[in-house]
Amino acid sequence: MSDDKKAAGPGLESLEPTLRETARRLEGKDQETLPRACSTELILPDKDVVVEILRDLRKLLFPGYFGSEMVRLAKSGDHVMHRLQKLAERLLVQVEIAFAFEHCRQGGDSEVLCPDGFVEPATKVVTEFLSFIPVLREQIMKDIDATFHGDPAANSREEVIFSYPGAFAVFVFRVANNLFRQGVPFLPRMMTEYAHSRTGIDISAGATIGEHFMIDHGTGVVIGETSIIGDYCKIYQGVTLGALSTRDGRALEHVKRHPTIGDRVTIYANATILGGDTVIGDGATIGGNAFIISSVEPGAKVSGLNGQDKG
Amino acid sequence: MSDDKKAAGPGLESLEPTLRETARRLEGKDQETLPRACSTELILPDKDVVVEILRDLRKLLFPGYFGSEMVRLAKSGDHVMHRLQKLAERLLVQVEIAFAFEHCRQGGDSEVLCPDGFVEPATKVVTEFLSFIPVLREQIMKDIDATFHGDPAANSREEVIFSYPGAFAVFVFRVANNLFRQGVPFLPRMMTEYAHSRTGIDISAGATIGEHFMIDHGTGVVIGETSIIGDYCKIYQGVTLGALSTRDGRALEHVKRHPTIGDRVTIYANATILGGDTVIGDGATIGGNAFIISSVEPGAKVSGLNGQDKG
Amino acid sequence: MSDDKKAAGPGLESLEPTLRETARRLEGKDQETLPRACSTELILPDKDVVVEILRDLRKLLFPGYFGSEMVRLAKSGDHVMHRLQKLAERLLVQVEIAFAFEHCRQGGDSEVLCPDGFVEPATKVVTEFLSFIPVLREQIMKDIDATFHGDPAANSREEVIFSYPGAFAVFVFRVANNLFRQGVPFLPRMMTEYAHSRTGIDISAGATIGEHFMIDHGTGVVIGETSIIGDYCKIYQGVTLGALSTRDGRALEHVKRHPTIGDRVTIYANATILGGDTVIGDGATIGGNAFIISSVEPGAKVSGLNGQDKG
């Protein structure tokens with residue numbers, strides 16, 4: 001870099017006054033414009049560590065699939081125990097920080113409570129999460145099974161595990177959903193947004209999703225916070241399960257705004273289904289590009305062309 | 001790797017003639033098929049450094065939110081000054097390279113001018129950019145505010161800063177737009193494509209976007225180069241502000257091809273609005289999946305079902 | 001981390017019984033629920049290495065464009081030969097592993113054959129791939145040319161190479177397609193899903209795509225496995241070339257399920273074209289948001305508004 005620096009030298013010197021002026025303006029405005037937390041000395045949840053937790057979990061559930069080293073799998077019991085311990089440690093610290101940060105954000109005393117004061121509730125969360133991991137694996141195996149059977153282009157379950165963004169996004173959702181239901185702030189959304197960034201699939205951590213769930217291709221899928229989805233459902237790219245209107249903003253915070261989908265429903269690409277009172281009955285099929293704002297009978301087939309039942 | 005290499009050994013040896021032949025063919029064709037710059041000894045803009053600049057800027061504006069180390073925030077004045085200096089240095093070098101590369105690409109003399117000859121214009125750009133940073137922070141705080149108030153699922157402004165892809169994409173757009181307006185080549189597009197890759201939101205660095213702007217979910221959003229968007233607008237996933245036709249290709253380079261959106265307009269998921277003469281009036285609401293190729297009156301509500309005013 | 005660990009200490013100790021119980025449950029269920037490969041000591045294809053192969057290839061084809069170090073380009077013949085050799089080595093190992101893993105997955109003897117027994121077929125694949133690289137470069141230069149001429153907002157071919165996600169996704173597709181046609185398992189899909197993750201563009205490695213192909217913006221594009229696309233075609237964001245129904249699941253594995261697109265066809269944003277018998281004639285234009293499930297005459301213009309020919 002020394003050559004570049006030399007080249008940039010004269011330019012940099014002449015920048016000095018502007019640098020000082022900008023620094024002054026940035027510091028002066030801090031107290032007014034930044035959210036409260038930015039101005040305190042809080043520890044914040046760490047996105048990189050949260051991503052590491054998801055990676056560790058995936059390695060634990062699918063040993064050998066996601067390591068970056070080409071080693072023979074030494075999958076002894078101690079190995080699993082060691083990975084679990086590392087995972088629990090990391091998660092515990094992040095959950096403590098998340099609780100403490102939320103507490104201080106709401107005006108709590110940051111001196112006393114951040115973040116050591118939250119060891120107890122965080123331990124409770126992690127204990128419950130650990131007990132959930134074997135259940136999680138069963139759920140994921142069912143999702144993978146559904147994906148393999150649902151996509152003629154899938155060559156094997158192994159390929160689904162390796163490569164399918166839908167299976168990855170649903171895995172992350174199931175992890176985030178457990179923490180969401182336990183009332184952990186920040187971390188669930190950080191997790192689902194990580195999956196969103198990697199897959200284009202945006203599943204709210206608060207959604208309710210049954211077993212054997214499959215999302216194919218997936219880019220552009222949005223599943224809103226109060227959506228309810230049954231078992232054996234299949235959703236394609238660009239499908240939105242959304243709210244009819246968000247005009248009332250924050251007043252809608254705890255209202256059911258998103259649709260309810262029954263069991264064995266297939267929703268083809270780019271269909272939009274809106275509204276908290278909209279119920280798609282068991283076994284219904286929603287065609288590509290359909291725009292649905294009222295309920296659909298069980299077993300009905302709604303065409304993408306005109307939005308009417310052609311069953 | 002030594003074991004792998006041994007295993008691959010015999011295979012590799014037999015590849016030797018094909019390797020030589022491929023290398024020969026790649027070298028021979030260089031002068032004909034590659035764009036000019038590939039064949040010279042130019043320094044090119046560095047995508048990794050451009051991404052680092054965006055990260056540094058984000059850390060500067062939201063201290064503590066995006067560090068990968070869990071440290072207490074030491075946010076003294078010197079700290080801000082130090083970060084600004086590092087940012088300015090990096091940006092200066094990349095702007096110089098971008099100017100020089102564009103100059104040479106257009107046939108300029110690469111010996112004399114690359115890239116030290118561009119210290120002066122690059123310094124001017126960076127000076128103006130530094131002065132813009134405090135304004136940028138105010139703009140971003142307004143965007144975050146709009147996002148928090150507009151999404152019932154957002155728990156706090158802090159969560160928006162941490163996790164919302166829309167807020168991130170708009171932040172990157174505002175940075176890139178400043179450089180675009182200053183005539184810097186390459187870097188603005190590298191920045192917006194970085195945001196596009198991470199969020200699925202594709203905002204042209206040349207677009208004009210007002211204050212308090214919010215994009216929710218965002219995957220699939222495309223905002224074209226000559227779009228104009230007013231204040232307090234809200235856009236959902238899959239919305240395209242695009243051109244009616246690109247059949248005339250490069251001849252359209254400086255023509256207004258994309259729509260104009262007034263103030264306080266909400267555009268729901270997957271709506272498509274096309275054409276440089278299309279104006280969406282203040283306070284209008286465009287329903288999900290709507291397909292719009294002509295202007296819409298202020299205050300009108302256009303349904304996604306049939307594209308007609310249901311106001 | 002020592003401070004954090006101390007803080008977490010009491011929490012961690014109390015987690016011990018749950019950790020042991022979870023480890024026990026994870027180990028006990030292994031044989032039942034995990035796909036076969038997870039329970040053996042196989043070497044698996046390595047996603048990180050596959051991504052490295054794509055990066056190396058891009059650096060080889062566009063010297064200087066994608067390095068992270070700002071060095072003058074030393075593009076001597078030895079340099080190209082050296083890069084090719086490294087690429088061939090890495091690819092050879094991954095192809096061997098992919099063949100061996102697929103063999104064992106189907107019930108083959110893992111002791112004898114994994115992965116050294118596949119040197120010969122893997123060498124054949126890599127030899128053919130090496131011979132393909134110069135052809136690949138010609139194809140990519142044509143795609144870049146098409147993108148530059150097709151987008152009024154593109155400032156130069158260099159900008160397309162640097163920044164356009166469409167050009168990147170098509171590059172990865174052409175690489176993956178070569179391996180797909182040679183019958184390599186796993187790797188083609190790993191490659192296209194990497195591009196999908198970075199660009200939101202999901203092109204099946206099995207698709208057939210002509211020359212001078214351009215995808216603009218691209219987020220949400222899905223091109224199914226049995227699609228056939230002619231020369232000089234242009235596709236925008238959100239376009240799906242998909243199957244009419246996947247209700248029959250795996251029974252459709254070798255059936256042509258996706259449309260055929262002629263030469264010089266433009267398909268605007270968010271259009272959906274479905275079905276293996278659907279043929280879009282040469283020179284046709286498909287409007288934004290159009291929903292097409294039957295063939296379209298050559299030269300026809302199908303509007304996005306009502307799906308009818310307005311030519």
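Note that the coordinates shown come from a computational prediction; the quantities given were computed from them, not determined experimentally.

1. A closer look at the overall build of chain A
Now for step 1: Along its length, chain A carries 8 helices and 14 strands.
Now for step 2: Expressed as a percentage of the 311 residues in chain A, the buried residues total 64%.
Now for step 3: Put simply, 48% of the contacts in chain A that link residues at least 6 apart link residues at least 24 apart.

2. Details of helix α7 (residues 165–181) of chain C
All names here are of chain C.
Now for step 1: Here α7 contains 17 residues, and its C-alpha end-to-end distance of 24 Å stays within 8% of the 24 Å for a straight helix at 1.5 Å per residue.
Now for step 2: Along α7, 15 of the 17 residues are buried, which leaves the element largely enclosed by surrounding structure.
Now for step 3: A positive phi of about 80 degrees marks Gly 183, the residue just after α7.

3. Here's the deal with the packing of aromatic side chains
Now for step 1: Evaluation of the coordinates by the stated rule reveals 24 aromatic pairs over all chains.
Now for step 2: Here the aromatic rings of Phe186(A) and Phe162(B) are separated by 5.7 Å at their centres, their planes lie at 75 degrees, and the arrangement is edge-to-face. With Phe186(A) in the loop between α7 (165–181) and α8 (187–199) and Phe162(B) in helix α6 (residues 157–163), the pair connects residues from two separate chains.
Now for step 3: Exposure remark for Phe186(A): the relative accessible area of 3% places this residue in the buried category.
Now for step 4: Members of the aromatic cluster, each reached through a chain of ring pairs, are Phe101(A), Phe186(A) and Phe162(B).
Now for step 5: If you follow Arg189(C) out to its NZ or CZ, it ends over the ring of Tyr164(A), 3.8 Å from the centre.

4. Here's the deal with α8(A)
Residues and elements named next belong to chain A.
Now for step 1: With 13 residues, α8 extends 18 Å between its outermost C-alpha atoms, agreeing within 8% with the 18 Å of an ideal straight helix rising 1.5 Å per residue.
Now for step 2: Among the 13 residues in α8, 11 count as buried, and that is most of the element.
Now for step 3: Leu 187, Pro 188, Arg 189, Met 190, Met 191, Thr 192, Glu 193, Tyr 194, Ala 195, His 196 and Thr 199 are the residues of α8 that are buried.
Now for step 4: Among the residues trailing α8, Gly 200 stands out with phi positive, at a value near 75 degrees.

5. What to know about the packing of helix α2 (residues 47–61) of chain B against helix α7 (residues 165–181) of chain B
Residues and elements named next belong to chain B.
Now for step 1: Put simply, α2 and α7 touch, their axes get as near as 11 Å, and they point 110 degrees apart. As summarised for this structure, α2 and α7 are arranged roughly perpendicular, according to the angle between their axes. Together, Leu 54, Leu 57, Arg 58 and Leu 61 of α2 and Phe 168, Phe 171, Val 172 and Val 175 of α7 make up the contact between the two elements.
Now for step 2: Of the residues belonging to the contact of α2 with α7, the class tally is 7 nonpolar, no polar and 1 charged.

6. Here we look at the sheet that holds strand β5 (residues 228–229) of chain C
All names here are of chain C.
Now for step 1: Strand order in the open sheet formed by 4 strands is β2-β5-β8-β11, with parallel pairing between adjacent strands. The sheet is open, and its two edges are formed by β2 (208–209) and β11 (279–280), each paired on a single side.
Now for step 2: Bridge count for strand β8 (residues 260–261) against β11 is 2 bridges, and the pairing is parallel. Bridge pairing in β11 places Thr 260 opposite Val 279.

7. So, the environment of Arg58(A)
Now for step 1: You can see Arg58(A) is positioned in helix α2 (residues 47–61).
Now for step 2: You can call Arg58(A) buried: its relative accessible area is 12%.

8. So, the pattern of salt bridges
All names here are of chain C.
Now for step 1: Counting across every chain of the model gives 33 salt bridges over all chains.
Now for step 2: Across the pair Arg 20 and Glu 16 runs a salt bridge whose closest N-O atoms are separated by 3.4 Å. In this pair, Arg 20 and Glu 16 are both assigned in helix α1 (residues 2–33), 4 residues apart and thus about one turn of the helix distant.
Now for step 3: Here Glu 211 and Lys 142 are joined by a salt bridge, their closest N and O atoms 3.0 Å apart.

9. Considerations on the sheet that holds strand β1 (residues 202–203) of chain C
Residues and elements named next belong to chain C.
Now for step 1: With parallel pairing, the 5 strands of this open sheet are ordered in space as β1-β4-β7-β10-β13. Both edges of this open sheet fall to β1 and β13 (291–292), since each of them pairs with a single strand only.
Now for step 2: Sheet analysis places strand β4 (residues 222–223) next to strand β7 (residues 240–242), joined by 2 bridges and oriented parallel. What sits directly across from Ile 223, in β7, is Leu 241.

10. What to know about the confidence of the model for chain A
Residues and elements named next belong to chain A.
Now for step 1: This prediction gives chain A a mean pLDDT of 84; 80% of its residues lie at or above 70.
Now for step 2: Low confidence marks residues 1–8, where pLDDT is under 50. Its contacts with residues over four positions away, or in another chain, come to 10 contacts.
Now for step 3: In this model residues 31–40 is a low-confidence stretch, pLDDT under 50, and it forms 26 contacts with partners more than four residues away in sequence or in other chains.

11. Looking at the environment of Phe148(B)
Now for step 1: For Phe148(B), the location among the structural elements is in helix α5 (residues 119–150).
Now for step 2: When its relative accessible area of 12% is taken as the criterion, Phe148(B) is described as buried.
Now for step 3: Non-local contacts of Phe148(B), meaning those with residues more than four positions away in its chain, are made with Arg250(A), Ala154(B), Asn155(B), Ser156(B), Arg157(B) and Val160(B).

12. Points about unusual backbone geometry
All names here are of chain B.
Now for step 1: The phi dihedral of His 217 falls on the positive side, at around 60 degrees, and the residue is not glycine.
Now for step 2: Note on placement: His 217 falls in the loop between β3 (214–216) and β4 (222–223).
Now for step 3: Phi at Arg 264 takes a positive value of approximately 50 degrees, unusual for a residue other than glycine.
Now for step 4: Locating Arg 264 in the fold gives a position in the loop between β8 (260–261) and β9 (266–267).

13. Re the packing of α2(A) against α8(A)
Residues and elements named next belong to chain A.
Now for step 1: For the pair α2 and α8, the least separation of the axes is 10 Å and the interaxial angle reads 75 degrees. Considering their axes alone, α2 and α8 lie roughly perpendicular with respect to each other. The residues of α8 that touch α2, namely those facing Lys 47, Val 50, Val 51, Ile 53, Leu 54, Arg 55 and Arg 58, are Leu 187, Met 190, Met 191, Tyr 194 and Arg 198.
Now for step 2: For the contact of α2 with α8, the residue count by class is 8 nonpolar, no polar and 4 charged.

14. Regarding the side chain of Asn177(B)
Residue and element names in this part refer to chain B.
Now for step 1: Considering the arrangement of structural elements, one finds Asn 177 in helix α7.
Now for step 2: Since its relative accessible area comes to 11%, Asn 177 is described here as buried.
Now for step 3: Apart from the residues within four sequence positions on either side, Asn 177 is in contact with Ala 205, Gly 206 and Ala 207.

15. Looking at the environment of Ala207(C)
Residue and element names in this part refer to chain C.
Now for step 1: Residue placement: Ala 207 occurs in the loop between β1 and β2.
Now for step 2: Under the relative-accessibility criterion, Ala 207 is labelled buried at 1%.
Now for step 3: Distance in space between the C-alpha atoms of Ala 207 and Phe 173 is 8.7 Å, their sequence separation being 34 residues.

So, how was this worked out
Residues numbered from 1 in each chain as written. Chains lettered and ligands numbered in written order. Predicted model: local features only at pLDDT ≥ 70, side-chain atom pairs only at ≥ 80, totals over all residues. Heavy atoms only, no water. Helix = DSSP H or I, 4+ residues; strand = E, 2+ residues; numbered from the N terminus. Buried < 20%, exposed > 50% of the residue type's maximum accessible area, 1.4 Å probe, protein only. Contact = heavy atoms within 4.5 Å. Expected span 1.5 Å × (residues − 1). Phe/Tyr/Trp six-rings, centres within 6.5 Å; stacked < 30°, edge-to-face > 60°. Lys NZ or Arg CZ within 6 Å of the ring centre and 35° of its normal. Axes fitted to C-alpha atoms, helices over the stretch in contact; angles between N-to-C directions. Parallel < 35°, antiparallel > 145°, perpendicular 65-115°, else oblique. Nonpolar A, V, L, I, M, F, W, Y, C, P; charged D, E, K, R; others polar. Pairing = 2+ DSSP bridges. Salt bridge = Lys/Arg side-chain N within 4 Å of Asp/Glu carboxyl O. pLDDT = per-residue confidence, 0-100.

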